[in-house]
Amino acid sequence: TDDHQIWNMINSVKHFSITPTIVELTCMDKDNMNTLVSNILCLSPRLTQSLSDILYHKTKGNPLFFCQLMISLNREGLLSVSLSRRRWEWDEEKIQLRKIPDNV
């Protein structure tokens, strides 16, 4: 809605002769999310499919929630690089059990 804080901020910068660029993001489908996860982790889509399914379920395909979740998982050690295996690894069970705020 127009009374949301972000719109208030956008309208306030217009007073300084700044024209903001508004980018509308739509939700990803499961295939697009898996392609993105595969590209980010530099792994085959076959290897990332189960992780992508979990991420899709938790984020409903929202790209902003997806980015925040990926960052959180990495910070929490649930998604990390294995130097010995030279690839990304994750704990699907713990990621599946991880609680997500209701507003996601």
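Bear in mind the structure is a predicted one, so any value in this text is a computation, not a measurement.

*Asks:* Any details on the overall build of the protein? Residues and values, ideally.
*Replies:* Helix and strand counts for the protein come out as five helices and two strands. Counted from the first residue to the last, the protein has its helices and strands arranged as α-α-α-α-β-β-α. The C-alpha atoms of the protein give a radius of gyration of 17 Å, which is well past the 13 Å a tight globule of 104 residues would have. Each principal axis of the C-alpha atoms in the protein carries an extent, and together these give about 55 × 25 × 25 Å. Relative to its 104 residues, the protein shows a buried fraction of 27%. Put simply, 50% of the contacts in the protein that link residues at least 6 apart link residues at least 24 apart. Here the protein has roughly 7700 Å² of accessible surface; of this, 53% comes from carbon and sulfur atoms. When the 12 basic and 12 acidic side-chain charges of the protein are each reduced to a single mean position, those positions are 8 Å apart.

*Asks:* Residue-level account of unusual backbone geometry, with values.
*Replies:* The residue Lys-60 is not glycine, and still its phi comes out positive at about 55°. Looking at the element boundaries, Lys-60 is found in the loop between α3 (45-59) and α4 (63-75). We classify Lys-60 as exposed; its relative accessible area is 52%.

*Asks:* Can you explain the pairing of strand β2 (residues 87-90)? Please cite residues and give values.
*Replies:* In this structure, strand β1 (residues 79-82) lies alongside β2, joined through four bridges in antiparallel fashion. Bridge pairing links Val-81 to Trp-88 in β2. Hairpin connection between β1 and β2: a loop of four residues separates the two successive antiparallel strands, and Arg-86 in this loop has a positive phi of roughly 55°.

What counts as what
Residues numbered from 1 in each chain as written. Predicted model: local features only at pLDDT ≥ 70, side-chain atom pairs only at ≥ 80, totals over all residues. Heavy atoms only, no water. Helix = DSSP H or I, 4+ residues; strand = E, 2+ residues; numbered from the N terminus. Rg over C-alpha atoms; globule rule 2.2 N^0.38 Å. Buried < 20%, exposed > 50% of the residue type's maximum accessible area, 1.4 Å probe, protein only. Contact = heavy atoms within 4.5 Å. Areas by Shrake-Rupley, 256 points an atom, 1.4 Å probe, with all protein chains shown as cover. Lys, Arg positive; Asp, Glu negative; His and termini not counted. Charge placed at Lys NZ, Arg CZ, Asp CG, Glu CD. Pairing = 2+ DSSP bridges.

These values are about where atoms sit, not about what they do.
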